Amino acid sequence: MQLDCNETIICGKIIKLGILRYTPAGVAVIEFTVNHVSRQVEAGVVRQITCEILAIALGQIALTVAELKVDNKVKLMGFLNRKSHMNQQLVLHTNQVVLI
């Protein structure tokens, strides 16, 4: 059974910015890492949340991300997928990035 619900929105600070490269088909691609820190309520208890999110952007979004700098704060919107067939690490595939 295929489910189509896969949307992620997260804010954070860019802590690592890869090199802009191109696929063999000529599509721009860049990987970057965002550090997220927030307070969230779970079961009525406030929790301090800290995590690093590996993200990837393709096409025009990759060109936009390539112009950003480490320490820029961003809001990312996209979907989650595994890094590769051999690597189950989750990666945020960014469809939209907003500088905040």
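Up top you'll find the structure we're talking about.
This report concerns the structure included in the present document. (Residues numbered from 1 in each chain as written. Predicted model: local features only at pLDDT ≥ 70, side-chain atom pairs only at ≥ 80, totals over all residues. Heavy atoms only, no water.)

1. Re the side chain of His 36
And step 1. Turning to its location among the elements, His 36 is positioned in strand E3 (residues 28-42).
And step 2. There is a polar contact of 2.7 Å between the side chain of His 36 and the backbone oxygen of Cys 11.
And step 3. In contact with His 36, other than residues within four places in its own chain, are Ile 10, Cys 11, Gly 12, Ile 49, Thr 50 and Cys 51. (Helix = DSSP H or I, 4+ residues; strand = E, 2+ residues; numbered from the N terminus. Polar contact = N/O pair within 3.5 Å; in protein donor to acceptor, adjacent residues only side chain to side chain. Contact = heavy atoms within 4.5 Å.)

2. Regarding the environment of Leu 76
And step 1. Inspection of the secondary structure assignment puts Leu 76 in strand E5 (residues 73-82).
And step 2. For Leu 76, a relative accessible area of 0% corresponds to the buried category.
And step 3. For the pair Leu 76 and Thr 64, spaced 12 residues apart in sequence, the C-alpha separation works out to 12 Å.
And step 4. For Leu 76, the contacting residues outside a window of four places in its chain are Thr 8, Ile 9, Ile 10, Phe 32, Val 34, Ala 55, Leu 92, Thr 94, Gln 96 and Val 97. (Buried < 20%, exposed > 50% of the residue type's maximum accessible area, 1.4 Å probe, protein only.)

3. Section: the pattern of salt bridges
And step 1. Throughout the structure, instances matching the rule amount to 2 salt bridges.
And step 2. Between Lys 13 and Asp 71 there is a salt bridge, with its nearest N and O atoms 4.0 Å apart. Of this pair, Lys 13 sits in strand E1 (residues 8-17) while Asp 71 sits in the loop between helix H1 (59-66) and E5, and the two are 58 residues apart along the sequence.
And step 3. Taking the relative accessible area as the measure of exposure, Asp 71 reaches 48% and is therefore partly exposed.
And step 4. Residue Arg 47 pairs with Glu 42 through a salt bridge whose shortest N-O separation is 2.6 Å.
And step 5. A relative accessible area of 41% places Arg 47 in the partly exposed class. (Salt bridge = Lys/Arg side-chain N within 4 Å of Asp/Glu carboxyl O.)

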